[in-house]
Amino acid sequence: MAGTKQVIVRVKRQAGPKESARWEEFALKWRPSMNVIICLRDIAENPVTRDGKKTTPISYDSNCLEEICGSCAMLINGKARMACSALVDKLEQPIRIEPMSKFPLVRDLTVDRQFMFESLKRVKAWIPIDGTYNLGEGPRVSPEVQEKGYPLSNCISCGSCLEVCPQVNDKNQFVGAAIISQVRLFNMHPTGALNKSERLAALMGPGGIQECANAQNCVHACPKNIPLTESIAEVNREVWKQALLGWLIG
Amino acid sequence: MATIRVAEAGVPVDLFSIVPVKRSHSVCAQGGINAAKNQKGEGDTVDKHFDDTIYGGDFLANQPLVKRMCEAAPGIIDLLDRMGVMFNRTPEGLLDYRRFGGTLYHRTAFAGATTGQQLLYALDEQVRRHEAEGKVKKFEGATFLSAVTDEGGVCRGICAMDLRTMEVKTFAGDAVIFATGGNGAIFGRSTNSVVCTGSAQAALFQQGVDYANGEFIQVHPTAIPGEDKLRLMSESARGEGGRVWVPRNPAEKRAPRSIPEAERFYFLEEWYPKYGNLVPRDIATRAIHRIVYQEKLGIDGQPAVFLDVTHIPRETLDRKLEGILEIYEKFLGVDPRVEPMKVFPAMHYTMGGIWVNGEDQATNVPGIYAAGECEYQYHGANRLGANSLVSCIFGGGLAGPAAVKYAKNLEKGAESAPSAVFDGERKRQEGKNQKLIGQDGSENPITIWRELGDVMTEHVTVTRINKNLEMADAKIRTLQERYKKINLSDRTKWSNQTLNFARELENMIVLARVITLGALARNESRGAHYKPDFPERDDANWLKTTRAKWVNNDIQLTYEPVDISLIKPRPRRYDAAK
């Protein structure tokens, strides 16, 4: 490939959860507006390392490629971000690509983020409608509430906020900022507010909101710019109010 | 929606999805969802929505079910509203509506420019609720390989592969509903997500499920070119006032913003004064191709035109279009609020799909139902913007109860089917995997896929010429031969994405032929299907549905009449009001 511009990529490989990890380096042909997904596809089409060794295509999750499905979160040059919007020209080389570290590894860059979906169940992240039969319009919602709620509802469950949170670790099952922000969203909705107290209660106890140590990494890592720290502060107040009230009445 | 309806009926559901449901392709739907609620006092009605849809689809859709969909649409919006979708609101707290292509009314409810994401989330949340209550069991990270059918040709369940363990298993089910989406991957690059391969549809087709109107492929006029994906730039950009133009002078060197109005060619507005930038997608796409390839007016001689929203107040853009403008900014590093966007048409949607009856989404194989983009029922020869979200929710809402009713009326349930039926299917699928993993070949699946995409995009999208279609089919058949010699370069049995892709690719090739042969046969121009050698719609010979069948391991095209009992076909034109 003499004479053509190259992209050097280093990928952390691991064949399975119990296998040991190793790094592989690849030299790819540069093209304009290349992103990390294109790099991974190039490798799949020609799975040969920089030093000429045959290897296997890299296992990774991806789907929409426009940063709205949340699939392709990984560590790129040490930063938790979506691979599809990670443009090669804006990255320092060699580009280091690793799986997120806070979720169980499946293979290579693929991790298991089921924990996030289980947490959504734990906090009842839904509106409790009576049924799908015709019951007329929903409650009126002011544009102000909509403008607050819509950004929160943009959460793509990518897991970046958990990845960067020091409170998410082997010893701690902290639900993380994304879930707390979802509680705020559903409690904000007129119908959702009907089981507000259940959601707040779900955030008490082990892994609950009190685990947050206010590092504020989450809000900087969020690819959708969700005001996560604002959500945590607001939900925290509500949780305390409810706890205190329960203690007073109790 | 189908899952929710079945769970509501108290019937257990096993839900299979390649990706976690929340990551499905519907998140990419941007602009909105149609319903004639007439909330702007314009005199919009269900009948007008129905007429716009049929007319927009160039009279190829069977009409009665489309009418029912338009009637149901306002109730669907209400339901989504009750589910908590953060739709944009008017100062009174009511839902806001915007204009979309192919209509003159504000009929499209929206949540910013990420409406599909918001709707999918609302439905996913309801499913999660049923899951938490034990009514739904999810199998995420599993892919469909084939239907399990008994000797009588009745579907008794499915055969699926776990994408982590690569284990192949069968699952009994009294009825199976498919909501497997589009097939953009057949065209290599499209606006579709990675999982939109059409593989499930193609697998079913090869098991005797008919496939209808495959040749009708929607090419969206405005997408951002990219090597991995052609990212959609929603019609809502034009719905909110965005304008499409090119410099009148092909040698124009000035920055777009400094080109005076008089030297800009707003070709859609000029050619289609009544609908302007909001002509239906097939019309806008052909106009852009004409500008670029015939008039040679593409920006800097490249295949691109401007989509300009810079004249719209920033506050409006951020409130109504932020999601899509961010995509442009993130992937191209240019702020579309300041610089006009450069866009070009891209494969976007398949109007064709699994054949279903005109009643309740049942296919021709007992026990198999289909809803959403994977079936063919609602959009005729061209889909109107913001009709896809309504059609998939309506179709799912029909399919769920229909499947329940079918299951309850079965004399013998799936569990009574002989175990040999299940074992046989599992062994057949395991055998395919073993062969693929074991074989030593010279072909790379991604290379074959790229070539398939190139030939399909070049010859089977906007402009179709018979001799090119014949060439394309010949090429696809060569790819089919080369496929037999593929080498997986990954023979492991854990999270082997190459194996899964190879399985999908085999099916994509079959579906590519269905699309190409359907296009080759249809000697007319209708909606998205355009043949310069046959430029007119030909109702006398072609007002009929293509119904492809799998006969003796090959594709056979048959035709059936279109139900036009409600609106008499009339010429379709958008240069004047209908």
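It should be emphasised that the depicted structure is a prediction, and the values quoted were computed from it without experimental measurement.

Rules behind the numbers
- Residues numbered from 1 in each chain as written.
- Chains lettered and ligands numbered in written order.
- Predicted model: local features only at pLDDT ≥ 70, side-chain atom pairs only at ≥ 80, totals over all residues.
- Heavy atoms only, no water.
- Helix = DSSP H or I, 4+ residues; strand = E, 2+ residues; numbered from the N terminus.
- Rg over C-alpha atoms; globule rule 2.2 N^0.38 Å.
- Buried < 20%, exposed > 50% of the residue type's maximum accessible area, 1.4 Å probe, protein only.
- Contact = heavy atoms within 4.5 Å.
- Areas by Shrake-Rupley, 256 points an atom, 1.4 Å probe, with all protein chains shown as cover.
- Pairing = 2+ DSSP bridges.
- Axes fitted to C-alpha atoms, helices over the stretch in contact; angles between N-to-C directions.
- Patch = residues over 30% accessible without salt bridge, like charges linked within 9 Å, V, L, I, M, F, W, Y side chains within 5 Å.
- Salt bridge = Lys/Arg side-chain N within 4 Å of Asp/Glu carboxyl O.
- Buried area = accessible area lost by both parts, 1.4 Å probe.
- Polar contact = N/O pair within 3.5 Å; in protein donor to acceptor, adjacent residues only side chain to side chain.
- Expected span 1.5 Å × (residues − 1).

Caption draft 1: Fine view of the overall build of chain B. On a plain count of helices and strands, chain B comes out with 16 helices and 20 strands. Taking 2.2 N^0.38 as the reference for a compact globule, 578 residues should give roughly 25 Å; the C-alpha atoms of chain B span a radius of gyration of 23 Å, in line with that estimate. Residues counted as buried form 64% of the 578 residues belonging to chain B. Here the contacts in chain B between residues at least 6 apart in sequence split such that 71% fall between residues at least 24 apart. Summing over all exposed atoms, chain B offers an accessible surface of approximately 20,000 Å²; the carbon and sulfur share of this is 51%.

Caption draft 2: Fine view of the sheet that holds strand E12 (residues 231-232) of chain B. Residue and element names in this part refer to chain B. Overall, antiparallel pairing links the six strands, which are arranged E12-E11-E16-E15-E13-E14 in an open sheet. At either end of the open sheet lies a strand with only one pairing partner, and these are E12 and strand E14 (264-265). Across three bridges, strand E13 (residues 243-247) lies against strand E15 (residues 305-308) in antiparallel orientation. Within the sheet, the bridge partner assigned to Val244 lies in E15 and is Leu307. Taken strand by strand, helix H8 (residues 281-294) contacts strand E11 (217-224), E13, E14, E15 and strand E16 (341-350), and its axis lies near 60° from that of E11.

Caption draft 3: How the structure looks around a nonpolar patch on the surface. Together, Leu244, Leu245, Trp247, Leu248 and Ile249 of chain A line one region of the surface with nonpolar side chains, adding up to about 650 Å² of accessible area. Residue classification places Ile249 of chain A among the exposed positions, given a relative accessible area of 69%.

Caption draft 4: How the structure looks around the pairing of strand E7 (residues 155-162) of chain B. Residue and element names in this part refer to chain B. Across the eight residues that make up E7, a large majority, seven, are buried. By the bridge criterion, seven bridges tie strand E6 (residues 142-149) to E7 in an arrangement that is antiparallel. Its bridge partner being in E7, Val148 is matched across the sheet by Gly157. Where E7 meets strand E8 (residues 168-172), five bridges bridge the pair, whose relative direction is antiparallel. Following the sheet pairing, Ala160 is matched in E8 by Lys169.

Caption draft 5: Representation of the interface of chain A and chain B in the model. Taken together, the 76 residues of chain A in the interface contact 73 residues of chain B. Here chain A meets chain B over a buried area of about 6,200 Å², counting both sides, of which 48% is carbon and sulfur. Of all residues in chain A, Asn63, Glu66 and Thr132 of chain A give up the largest surface area on contact with chain B, accounting jointly for 12% of the area buried on that side. Counting across the chain A and chain B interface gives 10 salt bridges. Linking Glu92 of chain B and Arg140 of chain A is a salt bridge whose minimum nitrogen-to-oxygen distance equals 2.9 Å. Here chain A and chain B share 47 residue pairs in polar contact (both at pLDDT 80 or more) between them.

Caption draft 6: Summary view of helix H11 (residues 388-409) of chain B. With 22 residues, H11 of chain B extends 31 Å between its outermost C-alpha atoms, agreeing within 8% with the 32 Å of an ideal straight helix rising 1.5 Å per residue. Of all 22 residues in H11 of chain B, 17 are buried, a share of seventy percent or more.

Caption draft 7: How the structure looks around unusual backbone geometry. The peptide bond linking Gln93 of chain A to Pro94 of chain A adopts the cis configuration, its omega dihedral lying at -5°. Following the sequence through the fold, Pro94 of chain A ends up in the loop between strand E4 (79-82) and strand E5 (95-98). Unusually for a residue other than glycine, Phe59 of chain B sits at a positive phi of about 65°. Turning to its location among the elements, Phe59 of chain B is positioned in the loop between helix H2 (46-56) and helix H3 (63-82). Looking at Phe59 of chain B, the relative accessible area reads 1%, which means it is buried. Of note in this structure, Asn553 of chain B is not a glycine but carries a positive phi near 60°. Within the secondary structure layout, Asn553 of chain B lies in the loop between strand E19 (544-551) and strand E20 (554-561).

Caption draft 8: Quick look at the environment of Thr546 of chain B. Residues and elements named next belong to chain B. Looking at where Thr546 falls in the secondary structure, it is placed in strand E19. Distance from Thr546 to Ala237, taken between C-alpha atoms, is 34 Å for residues 309 residues apart in sequence. In this structure the side chain of Thr546 is engaged in a polar contact, spanning 2.6 Å, whose partner is the side chain of Glu215. A distance of 3.1 Å separates the side chain of Thr546 from the side chain of Arg522, its partner in a polar contact.

Shape is all these values report; function is a separate question.
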